[in-house]
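Okay, here's what each chain looks like letter by letter:
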Amino acid sequence: MLTIGEFSKICKVSSRTLRHYDSINLIKPKKINEDTGYRYYEIGQVKEMLLIERLKKYQFSLDEISEILHSNPNILLEKILAKEELIKNVISEYKEIEKQMMDDIVRLKKGLDIMSFIEDIDIKLVNTEDVNILSSRQVMDVNEYGKYIGKLFEIVTKNDLTVLGAPMSIYYGSEFDENANDTEIAIPIKEHFKGTRVFPGGLYATATIQGGYSNLSAGYGKLIDWINKNNYKSNGESYEKYIKGPINGNEIITEIYIPITK
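Below: a short report on this structure. (Residues numbered from 1 in each chain as written. Predicted model: local features only at pLDDT ≥ 70, side-chain atom pairs only at ≥ 80, totals over all residues. Heavy atoms only, no water.)

## Considering the sheet that holds strand β1 (residues 2-3)
Let me state the cut-off plainly: Strands pair, by our definition, only if DSSP identifies at least two bridges between them. A helix here means a DSSP run of H or I that spans at least four residues, while a strand means a run of E at least two residues long, and both kinds are numbered starting from the N terminus.
In spatial order, the strands read β1-β3-β2; together these 3 strands make up an open sheet with antiparallel pairing. Two strands bound the open sheet, and with one partner strand each, they are β1 and β2 (31-32). In terms of strand pairing, β1 meets strand β3 (residues 39-41) through 2 bridges, oriented antiparallel. Along β3, the bridge assignment pairs threonine 3 with tyrosine 40.

This is the structure:
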């Protein structure tokens, strides 16, 4: 058997950490000497320890790792797939931030205000037609939009449905909560299918935003200002159409629609 020091060296984990893992029942020594209190591990536990350290690198918490180790082995794939999706979202977010920083650096080198893009946002009035949408509505974290859009596209592919336009997010509720937003994710499709409904057309004030999703607030602000100055009133749920996303390259293009009436 291995002493705690020997096990620590092999696994490159401190003895203090191993004692903590023992105390929370994450990985326990195979034997503890009753007289000395010395802990001993079996060589087979190295594999378990390496799995714990790998899952920590994947950003699993110790509680999540404990659940994985003490559950059905099949849960590991499910948990890693979910974590992969989360990490992809984080990577995409940082790429977006990097792109925005590069744009700001260019503006600053030219002596421009980094918020000058707001002045370039063009507001238009449009009359939209009714459209058939395949949709899914739930309270979600803003980082989950991509996941639910992906699920809708899985349904589209599986059932050979005809996509008629860009994916959408329709927003409900009186205020924004990034962790719990009442949102309907939708894809316009040709066929009437289980889970579809008609999204009514109408009069909208719309703006096209280029760049990171953090720029959308500026678009909403300019739209609301334009609506008020032109004596319109917002009337119903606003929505966004994702014309180009991060998977299409560096350029992100989003259209914002706010329903209005006189």
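## Quick word on the side chain of glutamine 138
Condition: N or O atoms within 3.5 Å of each other form a polar contact, as long as, within protein, one can give a hydrogen and the other can take it, and as long as residues adjacent in sequence are counted only when both atoms are side-chain atoms. What makes two residues a contact is simply this: any of their non-hydrogen atoms within 4.5 Å.
Looking at the element boundaries, glutamine 138 is found in strand β5 (residues 131-140). There is a polar contact of 2.9 Å between the side chain of glutamine 138 and the side chain of serine 136. Filtering out sequence-adjacent residues up to four positions away, glutamine 138 remains in contact with Tyr148, Asn181, Asp182 and Thr183.

## So, the pattern of salt bridges
Basically, it comes down to this: Salt bridges are defined by distance alone: a side-chain nitrogen of Lys or Arg within 4 Å of a carboxyl oxygen of Asp or Glu. Only protein chains enter the accessibility calculation, which uses a 1.4 Å probe. A residue is then buried if its area is under 20% of the maximum for its type, exposed if over 50%, and partly exposed in between.
This model, assessed by the stated rule, comprises 12 salt bridges. With a shortest N-O distance of 3.1 Å, arginine 39 and aspartate 22 are connected by a salt bridge. Remark: aspartate 22 occurs in helix α2 (residues 15-23) and arginine 39 occurs in strand β3; sequence separation between them is 17 residues. The partner of aspartate 182 in a salt bridge is arginine 137, and the shortest N-O contact between them spans 2.7 Å. One end of the pair, aspartate 182, is in strand β7 (residues 181-188); the other, arginine 137, is in strand β5, and 45 residues separate them in sequence. Take aspartate 182: its relative accessible area is 22%, and that puts it in the partly exposed class. Where salt bridges share partners, they join Asp22, Lys28 and Arg39 into one cluster.

## Side note on the packing of helix α3 (residues 45-57) against helix α4 (residues 62-69)
Definition in use: Only the stretch in contact is used when fitting a helix axis, every axis being a line fitted to C-alpha atoms; angles between N-to-C directions are given from 0 to 180 degrees. Between 65 and 115 degrees an angle is taken as roughly perpendicular, under 35 as roughly parallel, over 145 as roughly antiparallel, and anywhere else as oblique. In this scheme the crossing of two helices becomes right-handed for a clockwise turn of the near helix relative to the far one and left-handed for an anticlockwise turn of less than a right angle. Just so you know the grouping, Ala, Val, Leu, Ile, Met, Phe, Trp, Tyr, Cys and Pro go in nonpolar, Asp, Glu, Lys and Arg go in charged, and all remaining residues, Gly too, go in polar.
Across the interface, α3 lies against α4 with an axial gap of 10 Å and an inter-helix angle of 135 degrees. It follows that α3 is oblique to α4 by the angle criterion. In the crossing of α3 with α4, the sense of the turn from one axis to the other is right-handed. Judged by residue contacts, Glu48, Leu51, Ile52, Leu55 and Lys56 of α3 engage Leu62, Ile65, Ile68 and Leu69 from α4. A per-class count over the contact of α3 with α4 returns 7 nonpolar, no polar and 2 charged.

## What to know about the environment of glycine 173
Assignment of secondary structure puts glycine 173 in the loop between β6 (168-171) and β7. The exposure class of glycine 173 is exposed, given its relative accessible area of 68%. As a C-alpha pair, glycine 173 and threonine 183 span 10 residues in sequence and 8.7 Å in three-dimensional space.

## A short note on α2
Applied cut-off: By arc we mean the arc of the directions from the helix axis to the C-beta atoms, nothing more.
Among the residues making up α2, those that are buried are Leu18, Tyr21 and Asp22. Down the axis of α2, the buried set is contained in an arc of 105 degrees. They therefore lie on one face. Relative to its buried face, α2 has exposed residues pointing more than 90 degrees away, namely Arg16 and Ser23. Tucked into the core, α2 has its buried residues touching α1 (4-11), β2, β3, α3 and α4.

## As for the layout of surface pockets
Just so we agree on the cut-off: A pocket here means an open set of points on a 1 Å grid, computed over the protein atoms alone, that has protein on both sides within 12 Å along at least five of seven lines. A cavity is instead a set of points where a 1.4 Å probe fits but cannot get out; residues with an atom within 4 Å of a point line either one. Grid points are joined across faces, edges and corners, and a volume is the space filled by probe spheres set on the points.
Space inside the second largest pocket adds up to approximately 300 Å³. Around the second largest pocket sit 15 residues that line it, and Ala82, Lys83, Glu85, Leu86 and Lys147 are the ones nearest its centre. The biggest single contributor to the lining of the second largest pocket is helix α5 (residues 75-109), with 9 residues. Broken down by class, the residue content of the lining of the second largest pocket amounts to 4 nonpolar, 2 polar and 9 charged.

## Quick notes on the packing of α1 against α3
One way to put it is that α1 packs onto α3 with a least axis distance of 10 Å and a crossing angle of 50 degrees. It follows that α1 is oblique to α3 by the angle criterion. Two packed elements cross with a definite hand, and for α1 against α3 that hand is right-handed. On α3, the residues touching Phe7, Ile10 and Cys11 of α1 are Gln45, Val46 and Met49. Looking at side-chain class alone, the contact of α1 with α3 contains 5 nonpolar, 1 polar and no charged residues.

## Some thoughts on the packing of aromatic side chains
What counts is decided by this rule: Pairing of aromatic rings covers Phe, Tyr and Trp, the last counted by its six-membered ring, and requires centre-to-centre distances within 6.5 Å; plane angles under 30 degrees mean stacked, over 60 mean edge-to-face, and any other angle means tilted.
Inspection of the entire model under this criterion finds 7 aromatic pairs. Considering the side-chain rings of phenylalanine 199 and tyrosine 239, the 5.3 Å spacing of their centres and the 90 degrees angle between planes classify their relative orientation as edge-to-face. In this pair, phenylalanine 199 sits in strand β8 (residues 196-199) while tyrosine 239 sits in strand β11 (residues 239-244), placing the two residues 40 residues apart along the sequence. Judged by relative accessible area, which is 8%, phenylalanine 199 ranks as buried. For tyrosine 239, a relative accessible area of 5% puts it in the buried group.

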